[in-house]
Amino acid sequence: MTLLLVCPGDGIGPEITEATLRVLEAADCRFGLGLRYDHRDIGFVAYEKTGTTCPDEVLEAGRQADGILLGPVSHMDYPARDKGGVNVSAAFRKQLDLYANVRPARTRPGLGRGHEPLDLVIMREATEGFYPDRNMFLGNGEFMPTPDVALSIRKLTRQGCNRIARRAFELAMRRRKKVTAVHKANNFIISDGLFLEECRRVAADFPEVTLDTVIIDACAALLVRNPQRFDVICATNFHADILSDLASELSGGLGLAGSINCNETLCCAQAQHGSAPDIQGQDKANPTSLVLSAAMWLEWLGERRGEAKLLEAAKAIGEGVDCLLDNPATRTMDLGGPLGTRAFAAKLAEAVAG
């Protein structure tokens, strides 16, 4: 049995979660995955019931599960943290130590928005950096010492830099054997200097992989002008967050961008995009991002368990998505097609079922 914690989230979250589960159920029927689901509330639904957007028991359920399916959340609209408005994504990443945020960007025929096609993966450190809700033991990393001065603290640790670099090099060994470490060490001399030091330290253990270093503003330009030079991009939290949205948009849009947050023992599938409350309940949301994230979870789990059926299921989902997106008649509305959320999920489930 494989237990998946399912947290639909806010906005379009319940709709795309339902669509993703439909696809997973088709894969389960075909490949005999033995999937079981533990449904838990987060976000506004949880807040109305418990007074917090992220109940402790949900995090504990995540620790006990074989994986997590996390829908998008509307944390910008939550109450203050001391009133129960916890950033669910940050809580899962920090409390469960899901430090590696893996974000692929691959152009599909007819859908790319850049001048050149992309096929790269951004390896983002997700538990420290410039994010004030996850870089202090006690208190918050952002504060105002006077009414007219705002300060924010960036935290990088040697351990955090080393382990995200190691994940990037391990991934590059399975791809085109190149890692680009993105930084701003010309200004952040100490902190990004530490990051680069650890990237070079890890590189010594992977002589087959080429290490390249690029300043973040140059990297943003190169993603537009010459994305083929990149294979695996490794970066700290804030830098990678921005670059991954750019890469995903260039490859076709955030609605097509799968993503996982993982460590050595647990993996959370989470769409790259937000909760889109403006189209909530209208059957317009493209579920592809969360579906592909779920496929990434299956692949992650299959590699760790050595189970071919999980890898085959992940491949079948990816191929099914490619097949539907290749045909304008089976694309979702945001891509100029006629299909709503439920119809797209039904078509994809049919394709996955074989």
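Just above, that's the structure.
All values derive from a computational prediction rather than experimental measurement.

## Looking at helix α6 (residues 191-203)
1) Next: Over its 13 residues, α6 runs 19 Å from end to end, which matches the ideal 18 Å to within 8%, given 1.5 Å per residue.
2) Next: Listed in full, the buried residues belonging to α6 are S191, D192, L194, F195, L196, E198, C199, V202 and A203.
3) Next: Tucked inside the fold, the buried residues of α6 contact α5 (158-173), β8 (178-183), β9 (210-215), β10 (232-235) and α8 (237-251).

## Digging into unusual backbone geometry
1) Next: Notably, D97 is not glycine yet its phi reads approximately 55 degrees, a positive angle.
2) Next: Along the chain, D97 turns up in the loop between α4 (88-95) and β4 (100-106).
3) Next: With a relative accessible area of 30%, D97 lands in the partly exposed category.
4) Next: The residue D283 is not glycine, and still its phi comes out positive at about 60 degrees.
5) Next: By secondary structure assignment, the location of D283 is in the loop between β12 (267-270) and α9 (288-305).
6) Next: Take D283: its relative accessible area is 19%, and that puts it in the buried class.

## Examining the packing of aromatic side chains
1) Next: Inspection of the entire model under this criterion finds five aromatic pairs.
2) Next: Ring geometry for F44 versus Y78: centroids 5.0 Å apart, planes at 90 degrees, classification edge-to-face. With F44 in helix α2 (residues 43-50) and Y78 in the loop between β3 (67-70) and α4, this pair connects stretches of sequence that are 34 residues apart.
3) Next: F44 sits in the partly exposed class, given a relative accessible area of 29%.
4) Next: Residue Y78 is classed as buried on the basis of its relative accessible area, which comes to 9%.
5) Next: Taken together, the ring pairs in this structure connect F130, Y131, F188 and F238 into an aromatic cluster.
6) Next: R154 extends its terminal NZ or CZ atom over the ring of F188, reaching a point 5.1 Å from the ring centre.
7) Next: The lysine or arginine in question, R163, covers the ring of Y99, its NZ or CZ lying 3.9 Å from the ring centre.

## Concerning the side chain of N261
1) Next: By the element assignment, N261 lies in strand β11 (residues 260-262).
2) Next: Within polar-contact distance, the side chain of N261 engages the side chain of R93 at 3.1 Å.
3) Next: A polar contact of 3.2 Å, which involves the side chain of N261, links it to the side chain of N101.
4) Next: With sequence-adjacent residues up to four places away left out, N261 is seen in contact with R93, L98, A100, N101, L266, C267, C268 and Q270.

Calculation rules
Residues numbered from 1 in each chain as written. Predicted model: local features only at pLDDT ≥ 70, side-chain atom pairs only at ≥ 80, totals over all residues. Heavy atoms only, no water. Helix = DSSP H or I, 4+ residues; strand = E, 2+ residues; numbered from the N terminus. Expected span 1.5 Å × (residues − 1). Buried < 20%, exposed > 50% of the residue type's maximum accessible area, 1.4 Å probe, protein only. Contact = heavy atoms within 4.5 Å. Phe/Tyr/Trp six-rings, centres within 6.5 Å; stacked < 30°, edge-to-face > 60°. Lys NZ or Arg CZ within 6 Å of the ring centre and 35° of its normal. Polar contact = N/O pair within 3.5 Å; in protein donor to acceptor, adjacent residues only side chain to side chain.

Everything listed is a geometric property; what it means functionally is a separate question.
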